[in-house]
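Residues per chain, in single letters:
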Amino acid sequence: FWLFLVEQKGEICLFFVGQCSLTGCIYLLYLNIFFFFPQAPSDPDGDPCRRTNCGRGRQCVVMAGTGRAECVCQEHCRPSFVPVCGSDGRFYENHCEVYRTACLERRRIYVVHSKDCFFKGKPAPKVLESGEQNQQRDMEEKRGLVDAMFQYLDVNQDGRLIFHLHQHCVIYLLICFCTLMYFLLPHFLNFKPQSLFLPTFAEVVQLSLAEEQRVSISTVTVGLSAVLTCAIEGTLRPPIIWKRNRIILNFLDLEDINDFGDDGSLYITKVTTIHMGNYSCHAYGYEDLYQIHVLQVNVPPVILVYPETQAQEPGVSASLHCHADGIPNPKLLWLKNGMDLQASSSKQLTLIANGSELFIGSVRYEDTGAYTCIAKNEVGVDEDISSLFVEDSAKKTRLSVGNMFYVFSDEGVTVLQPSECEIRRHIKRTERIVTTYEEMCPKGEGVSPQRCVWSSAVNVRDKYIYVTQPLQSRLLVVDIQAQKVVQAVGTDAFPVKLLYDKSHDQVWILTWGDMDKTHPTLQVIPQASVGEVHHTIRTTFQRVNDFFIPPTNLIITHVRFAFVFLKNEPAIHKIDLETFHRVKTISLKNYSCIPASMAYTHLSGFYFVQCQSKSRLHAPPQLLIDSVTDAVIGPNLNVTGQAYVSPDGRYIVTPDPQSSKLTVQTVSFQGELNLNKEIDKSLNVSDLVFQRSFTESNQHEIVATSSSGTDLLFADLSLGRTEVLQSLKEPLAPKAWPWAGPNRVVVSSGLFGQYLVTPSIESLFVLNGKQRTPHCEVSDIKRGNTVVWVGDV
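Cut-offs applied
- Along every chain, residues carry numbers that run from 1 in the direction the sequence is written.
- Totals for whole chains, interfaces and linings use every residue, but because this is a predicted model, local features are given only for residues with pLDDT of at least 70 and side-chain atom pairs only at 80 or more, for both listing and counting.
- To obtain the side-chain values, all non-hydrogen atoms of the structure were included, while hydrogens and water were left out.
- UniProt positions are given in the numbering used here, feature names are shortened, and annotations may be inferred rather than shown by experiment.
- Here, the term nonpolar core denotes a set of buried Ala, Val, Leu, Ile, Met, Phe, Trp, Tyr and Cys residues that are joined through side-chain atoms within 4.5 Å.
- The buried label goes to any residue with under 20% of its type's maximum accessible area, the exposed label to any with over 50%, and the partly exposed label to all in between, with areas taken from a 1.4 Å probe on protein chains only.
- Comment: elements are numbered from the N terminus, with helices defined as DSSP H or I runs of at least four residues and strands as E runs of at least two.
- Cavities and pockets were defined on a 1 Å grid built from protein atoms only: a cavity is a group of points that admits a 1.4 Å probe but offers it no way out, a pocket is an open group of points flanked by protein on both sides within 12 Å along at least five of seven lines, and a lining residue is one with an atom within 4 Å of any such point.
- Grid points are joined across faces, edges and corners, and a volume is the space filled by probe spheres set on the points.
- Amino acids outside the nonpolar list (Ala, Val, Leu, Ile, Met, Phe, Trp, Tyr, Cys, Pro) and the charged list (Asp, Glu, Lys, Arg) are all regarded as polar, and Gly is one of them.
- Segmentation into domains, and thus their bounds, comes from an automatic or database assignment.
- A pair of cysteine sulfur atoms is labelled a disulfide when the two atoms are within 2.5 Å.
- Any two residues whose heavy atoms approach within 4.5 Å at even a single point are treated as in contact.

- The name given to the protein in an unreviewed UniProt entry is Follistatin-like 4, with Oryzias melastigma as the source organism.
- Per UniProt, the protein carries the Subcellular location (unreviewed entry) text "Secreted".

What follows is the structure in structure tokens.
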């Protein structure tokens with residue numbers, strides 16, 4: 001290795017150059033050259049500024065009048081040349097100048113890591129204070145020295161520096177004593193490179209990492225900022241490189257990870273649950289020595305109770321439910337009228353599932369009161385009240401339109417109350433649409449006898465149900481309160497799939513164009529829950545094969561992006577839900593993966609991508625994508641099939657389409673994806689839903705239907721217990737359900753409900769999920785494979 005010394009006015013910069021492109025070497029050199037400057041004097045004792053932290057770009061001053069410490073914009077920065085580029089497109093000499101300028105201009109400017117800025121960025125204008133003119137001139141001279149050095153070494157003017165001892169460009173800083181070098185090299189431009197030969201760089205750089213610091217665990221509360229500092233130390237430490245899921249972060253233009261600091265620390269400006277997981281740091285060129293940072297993101301509890309109020313007659317039972325999400329898992333406790341509730345000392349009261357349910361076996365007048373559920377964890381507390389009234393003649397609840405299943409079948413729409421298996425309303429196919437006065441299901445060409453044809457439906461904030469009629473090239477809007485079809489909204493031909501984006505109050509519609517899917521499009525209905533007249537907006541995406549919108553829950557209440565798959569294209573297009581514009585394209589070409597479906601967990605931000613199978617004998621493994629970097633991590637072990645994610649993001653269940661096994665994976669609160677277990681029940685899964693556990697808080701069970709048989713599977717994910725219900729009659733044949741989605745759905749009755757429904761060819765089964773038994777069968781409901789739950793919560 002060749003080492004070259006540059007000397008100017010007693011300040012020495014030693015750097016090493018191998019064979020590389022000129023522009024690349026200049027870029028790395030600029031990142032790593034430092035010059036000496038005197039230390040600032042220590043603060044005297046009693047100075048109030050010693051106890052004041054003003055943040056970057058600001059400094060503390062003692063006000064003459066009050067003697068108090070106040071933070072003001074920094075007057076000047078130390079004269080170091082560590083060039084960086086700001087988010088405003090301007091070139092700065094160091095990090096300090098970025099934050100000083102941000103303070104002076106009263107706007108946010110952060111560091112952008114892009115090599116183009118060093119050659120295209122405009123220098124940031126500086127207002128020089130008295131005495132700074134010479135420092136500015138020194139910086140310009142030093143930058144000129146670097147340029148002159150490379151011009152001198154580029155002998156054949158081909159933009160490459162050629163040395164035979166190394167074939168990669170590595171540039172490092174060496175801090176030396178200046179006095180000896182000042183006498184040895186009085187004129188930099190006159191010395192010959194071959195006149196100095198020093199030991200190899202590996203003999204000079206000494207790096208170390210304490211054994212107890214090889215793994216560092218950090219915990220931060222959601223919404224705050226986090227700083228991860230690399231503990232690798234040593235003489236001439238090269239620049240620090242940070243990785244997440246083996247993806248280098250330093251040069252990515254990320255929204256929340258955009259600054260790596262003067263000391264190589266990793267800054268996350270606003271932490272969310274997707275940021276949890278493992279990060280690693282190492283010195284550039286020394287990958288074998290690295291430190292792992294495990295980041296856990298804690299979330300204060302978010303609570304929900306049900307019902308908010310209820311009235312009961314003496315002697316009957318009553319249940320009060322409480323659910324809370326948070327990280328770590330919250331603990332639940334109950335108060336009655338503000339006093340601790342001692343359930344263990346009362347035969348009347350029973351706490352079930354760690355306080356998730358308060359059960360009163362036989363209510364009495366003295367049980368009337370306000371019951372407060374409180375959820376606590378390490379970072380917060382939340383509470384809500386469920387009121388109970390005990391009266392001699394408790395008013396019977398009026399005919400409610402909530403807590404019902406809406407089943408769309410050949411004959412129209414059936415509104416079903418599950419606990420009593422009672423049909424509360426039947427909207428016949430011949431009923432008229434309010435706005436147009438045409439029949440709900442008119443007889444179409446080639447359809448005989450007259451029947452309704454549905455394909456997909458969504459509940460929009462318990463105000464409307466949107467349901468598609470593919471053969472009519474439209475969707476219907478059902479007013480839940482009035483229990484009438486109030487509008488028909490025209491769409492492109494053959495609308496087959498709906499998704500509701502609660503964050504933006506939008507209904508997204510996938511249309512096929514025809515049964516052969518030759519002209520698929522993607523349309524959006526804005527403001528789906530408000531107004532009386534709804535209309536569609538056609539997006540610019542053509543050849544759409546499918547799309548995916550991540551779900552919301554108690555913790556994640558806002559979603560920013562959708563994802564679109566195009567026909568026969570090995571890529572996923574990320575779409576802004578506000579503008580409908582493409583944000584970026586994530587290529588899957590290296591994995592020969594044409595996406596078929598996606599799933600998402602907000603814990604560590606994993607996307608699970610199912611790839612299309614080229615043959616029935618070979619199914620490609622799922623791919624994992626990191627939502628922080630939008631980078632493909634690689635295959636998800638050997639897991640194949642469509643993934644289903646629990647509402648809290650902790651469980652990922654994937655039915656294998658070939659082996660009929662269900663693979664269960666978990667995500668820890670440290671963001672680690674682990675293989676939990678395999679469930680082998682030889683069930684060819686058609687549909688799968690999650691149901692909260694009735695025995696443990698913050699746990700789940702799954703309910704899965706068979707696409708070809710009469711079996712239905714219950715499985716407790718925490719305990720591993722399984723149970724199979726049989727003889728639920730045959731489902732629709734896959735060919736008899738040509739639309740998007742499963743040929744035998746299973747739909748649950750919400751967060752606090754215990755009932756589920758699943759159809760057979762000519763009837764509907766109501767299941768008791770708590771007891772894992774059939775509850776009842778409702779006959780004369782043909783093709784009732786489009787089902788929506790409308791609940792109070």
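What about the nonpolar core?
Move 1: Counting residues in each nonpolar core, the largest one holds 53 residues, and the members touching the most others are Trp-242, Tyr-279 and Ile-572.
Move 2: In terms of residue count, strand β44 (residues 606-611) provides more of this core than any other element does, five residues in total.
Move 3: With 22 residues, the next largest nonpolar core counts Val-559, Val-564, Trp-737 and Trp-739 among its residues.

Quick word on empty space enclosed by the protein
Move 1: Within the structure shown, the criterion is met by six cavities of 30 Å³ or more.
Move 2: For the largest cavity, the calculated volume is near 140 Å³.
Move 3: In terms of lining residues, the largest cavity is bounded by 15 residues, among which Cys-322, His-323, Ser-356, Ser-697 and Asn-698 are the most central.
Move 4: Among the elements that make up the lining of the largest cavity, the one with the highest residue count is strand β21 (residues 318-327) (three residues).
Move 5: Considered class by class, the residues forming the lining of the largest cavity number six nonpolar, seven polar and two charged.
Move 6: Both domain 3 (306-390) and domain 4 (399-425 + 681-792) contribute no fewer than three residues apiece to the lining of the largest cavity.

Some remarks on the state of the cysteines
By definition, a disulfide links two cysteine residues through a covalent bond between their sulfur atoms.
Move 1: Considering all chains together, one arrives at eight disulfides under this definition.
Move 2: Here Cys-73 engages in a disulfide with Cys-103; their sulfurs sit 2.0 Å apart. With the S-S bond torsion at -85 degrees, the cross-link from Cys-73 to Cys-103 turns out left-handed. With Cys-73 in strand β5 (residues 69-73) and Cys-103 in helix α2 (residues 95-105), this residue pair connects regions lying 30 residues apart in the sequence.
Move 3: Given a relative accessible area of 23%, Cys-73 falls into the partly exposed group.

Quick word on the environment of Cys-452
Move 1: With respect to the helices and strands, the residue Cys-452 is situated in the loop between β30 (422-428) and β31 (457-460).
Move 2: A relative accessible area of 2% means that Cys-452 is categorised as buried.
Move 3: Counting along the chain gives 23 residues from Cys-452 to Arg-429, while the straight-line C-alpha distance between them is 6.5 Å.
Move 4: What Cys-452 contacts, discounting residues up to four positions off in sequence, is Ser-409, Asp-410, Glu-411, Gly-412, Arg-429, Met-440 and Cys-441.

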